[in-house]
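The lines below spell out each chain.
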Amino acid sequence: MADAAALLPNAPKTIVCDGNEAAAWGVVLSRPDVVAVYPITPQSSLVEYVSQFIADGTLDAELLNLEGEHSVLSALQGAALAGARTYTATCGPGLAFMFEPYVRTPGLRLPMVASLVTRDMLTPQCVWGGQQDAMTVRDCGWIHMYCETVQEVLDTTIMAYRIAEHRDVMLPVNVNHDGNYLSYGVARAEMPAQAAVDGFLGVKDVNWHAALDPLRPMAIDPLTGGAGGPGPSMFVRYRKGLCNGMRNALRVIEETHAEWGRLTGRHHAPLIEEYRLDDAEVALVTIGSMTGAAKDAVDALRSGGKRVGLIKVKTMRPFPVEAMARALSKVNAVAVVDRAVSYGWNAGPVYQETLGALYRARHMIPAVSVIGGLAGADITDGHFARCIGMAFAAAASGQAPDGPVWLNEND
Amino acid sequence: MPSYETIAFRAQDCDGCMKCVTACAQAKSGADDPAQSRIQILGAAGKWELALCRQCGDPKCVSNCPSAALAKDAETGVVAWDADRCVDCLLCTVGCAYAGITRDARVGHVSKCDLCDGDPACVKACDRGALTLNTAARIHRRAAEREDLFAPGLAACQGCNSELLIRHTLRHVGPNTVVATPPGCIPGMGTVGYNGRTGTKVPVFHPLLTNTASMLTGIKRYYKRVGRDDVQVLALAGDGGTSDAGFQSLSGAAERDEPMLYICVDNEGYMNTGMQASSATTYGSWTSTTPVGERLQGKSTEAKNLPVVMMTHNCSYVATAATAFLEDFYEKLDKAIEVSKTGMAYLHVFAPCPTGWRFGSDRTTDVCRLAVETNFFALWDYTPDAGLTFTRPTGRPRPVREYLAGIGKYRHLSEGQVAHIQATVERKIAHLRRFERTGA
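All values reported here derive from a predicted model rather than from experimental measurement.

Account for the interface of chain A and chain B, with residues named and values stated.
Contacts between the two partners involve 43 residues from chain A, matched on the other side by 36 residues from chain B. Across the interface of chain A and chain B, roughly 3,000 Å² is buried in total on both sides, 57% from carbon and sulfur atoms. Taken as a group, Leu212, Pro214 and Leu223 of chain A account for 20% of the area that chain A buries against chain B, more than any other trio of residues on that side. In this assembly, chain A and chain B are joined by five salt bridges. Between Glu67 of chain A and Arg256 of chain B there is a salt bridge, with the nearest N and O atoms lying 3.0 Å from each other.

Pasting the structure below:
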């Protein structure tokens, strides 16, 4: 790696790497000022790559080796308030430990980017992939985008900075990729030229709104709220501002993906992807890397004449309810496959969102909740064929099973 | 009232050697004749008393003088005597309650201490530390020349020394500073402000209770990266945010010797939220979560000795301070600010809480002083090179019961508990002495 700086692409180039390395290259190209790291499976190789890139001079950034995820995000909050573009990555128990500063980041309107290399949550003790970690924090005010491929990890990491730092958004972004399947899955990826990324991201200005800078003295986060005085209305104004940022993000995410497509020729679906949906009777709803096998299953059944399509959720927060409602309106039944559960709903989180979108569409069709791929389990095209079968059965009967179908229960 | 410097006397450290008297006589007359001395030590062994001018702020000798022979210097605070104007009426001696201005027939006129131009011979001659020159006035004058960066009228409890500490500290570190103050009394009094208003004229923020040192790490590292290494980062944190929930981030920053000035304002518990116990709460203390009843008699375990814990991390500088000894605090603050440009400086400041500890709000400084003079809270500083140095004498402490007696949170203590605390104080001092570097 002696000549590592030479690796920085002056022109687009092709690399072969896993999702963790792809994320690291996305970070390099985005030129953060401060990176804070703490290792955790299956994120570790990602922060190792970034650390090595900094050691080699490939990335010119301040590297903070801190004593835990709580401090990682805290130090980055400080750095961002001082004016830094920042990066970190975590998952699972690390995310849980980070939770206290995590919930605070959106309220401070800090445009950070952090990868979640998703992992199932304890307990049972487990180091394998699953989306329970990211899904558990879906309502904290961070933008959540889930990637399907290694290429999408690289591209979305870069796009995330532009989305986060957009003045109409100013919210932190989690770029999520599935532990094991994307973290270690190796594929070809196209890397854009540094100059193209520089132009795409523009001039960094992350603390124009809230700064800890003696040249612009201000108090950050004075106490607000309470029952009297200006407190309640001020608190509501902050909360509404955050909600407006989320709403604006839907538009900005679409614009950013369109611009990225023009720049690189790679057009990723920004909010949801409709796959072979136009004449479909039923659809799968998927999220993350499972989508590849699901598309294979759809293709196979299409070859047999079955009218089935797929809706992939890329942006989970803000939830693209209008786009989802439009897509769902095209079919008569869905099977929603979650890699996480929503305790108390006895269903998956994406399933709940789907029900909400169906109500928005005034389209009362049967919806099957499927939970699979927990703790690193594989969801195969065979599993998806079974899910499609359940969707067709639901369409025919007008009824969905009571309670979720646990895909890997008998594997 | 004009400020002044004065010579302070600790009777318990005086052995009646009279070296001070001889030194003064030498300095003022060139002879050893005690009659020529302007300081006198009177009484007998065990109860020595001082007869010396206090350079009063409102000197009665001056107001009694009919001929304007006595005047208080507005700059130095010294009450000066002018022989040319003196009419020898002795009214000044009647006005003085301290026998600070007297007439001796062998001298032929009244005489009094003139502080030897700020470097008194008597203090230098006292090798037991019974006489010290209190130069707090210099500190106040120096502080007054700098901008007060803390808003006026912030609502700390009556008698709280945190406001004093903050105003002095901020004046001293200056405007190129970012202040972090985690939840506790300090933001509670309005430091970060309420509903969009700020209490501080420099950038200030609430970290979480848990992440003060980490947030400051990120701020400082970024400024260093962009060539603004002169931005000072400062924590003003309570003992809970330092010793309990905030300890992991503090420990990490100390291990990395992050450049910052971290001041722990230790009031021995969660005084802001209703006086609950923290790990800094001392043995025997009543708090609302270590109450006193038939079965429990206050906190049953010792306080975490955080300054010592920090000393054994990788900090560049660690010191304890108490606001009864402002000169000592200032010396340490100066060192800490210098050190914090390149490494971590940790100051642990004793902050007796009239509200939570239950003593009169006029007694805060007395409680501070007694804590130090009983060795309950020893004053020292430490660098890895110099080791530990006590900055106030610890050799002849008062009994700790004198400190405990006036404080409500210790009101219930049994004789056994007091004896336990006395033994703990002695053990802690002995432990600290092991960190002193002896020899060259």
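Talk me through the domain arrangement of chain A; I want residue IDs and the actual numbers.
Bring the parts together and some accessible area is lost; that lost area is often taken as the interface size. Residues and elements named next belong to chain A. As far as domains go, chain A holds domain 1 (4-201) and domain 2 (273-406). Counting residues at the interface gives 24 residues for domain 1, matched by 30 residues for domain 2. The junction of domain 1 with domain 2 conceals about 2,000 Å² of combined surface from both sides, 50% of it contributed by carbon and sulfur atoms. For the domain 1 face of the interface with domain 2, the top three residues by lost area are Arg138, Glu148 and Tyr181, together amounting to 33%. Scanning the region where domain 1 abuts domain 2 turns up six salt bridges. One salt bridge in this structure joins Lys312 and Glu148, with 3.0 Å as the shortest N-O distance.

Hey, could you go over the nonpolar core for me, with residue numbers and the actual values?
Counting 114 residues, the largest nonpolar core has Leu284 of chain A together with Tyr262 and Trp380 of chain B as its most contacted members. Among the elements that take part in this core, helix H3 (residues 69-82) of chain A stands out by supplying eight residues, more than any other. Setting aside residues no more than four positions away along its own chain, Leu284 of chain A makes contact with Ala294, Val298, Gly309, Leu310, Ile311, Ala335, Val337, Phe384, Cys387 and Ile388 of chain A. In terms of nonpolar packing, the next biggest core, distinct from the first, is built from 51 residues, Leu46, Tyr87, Ala160 and Leu242 of chain A among them.

I'd like a rundown of the packing of aromatic side chains, residues and numbers included.
Enumeration according to the criterion identifies twelve aromatic pairs over all chains in this entry. A ring pair is formed by Tyr403 of chain B and Tyr410 of chain B, whose centres lie 6.3 Å apart and whose planes are at 55°; its orientation type is tilted. There is no split in this pair, since Tyr403 of chain B and Tyr410 of chain B are both buried. We note Lys306 of chain A situated over the ring of Phe392 of chain A; from NZ or CZ to the ring centre the distance is 5.4 Å. Over the face of the ring belonging to Phe247 of chain B we find Lys304 of chain B, whose NZ or CZ atom lies 4.5 Å from the ring centre.

If you had to explain the sheet that holds strand S9 (residues 177-180) of chain B to someone new, which residues and values would you point to?
Taken together, nine strands build an open sheet; the order of strands is S9(A)-S10(B)-S9(B)-S11(B)-S12(B)-S14(B)-S13(B)-S15(B)-S16(B) and the sheet is mixed. Strands at the two margins of the open sheet, each flanked by one partner only, are strand S9 (219-220) of chain A together with strand S16 (387-390) of chain B. Bridge count between S9 of chain A and strand S10 (residues 204-205) of chain B: two bridges; the pairing is parallel. Within S10 of chain B, the position partnered with Ala219 of chain A by the bridge is Val204 of chain B. Relative to the sheet, helix H12 (residues 326-339) of chain B contacts strand S11 (232-238), strand S12 (260-266), strand S13 (317-322), strand S14 (344-350) and strand S15 (380-383) of chain B, its axis offset from that of S13 of chain B by approximately 155°.

Thresholds, definitions, all that
Residues numbered from 1 in each chain as written. Chains lettered and ligands numbered in written order. Predicted model: local features only at pLDDT ≥ 70, side-chain atom pairs only at ≥ 80, totals over all residues. Heavy atoms only, no water. Contact = heavy atoms within 4.5 Å. Buried area = accessible area lost by both parts, 1.4 Å probe. Salt bridge = Lys/Arg side-chain N within 4 Å of Asp/Glu carboxyl O. Domains from an automatic or database assignment. Core = buried A, V, L, I, M, F, W, Y, C linked by side-chain atoms within 4.5 Å. Buried < 20%, exposed > 50% of the residue type's maximum accessible area, 1.4 Å probe, protein only. Helix = DSSP H or I, 4+ residues; strand = E, 2+ residues; numbered from the N terminus. Phe/Tyr/Trp six-rings, centres within 6.5 Å; stacked < 30°, edge-to-face > 60°. Lys NZ or Arg CZ within 6 Å of the ring centre and 35° of its normal. Pairing = 2+ DSSP bridges. Axes fitted to C-alpha atoms, helices over the stretch in contact; angles between N-to-C directions.

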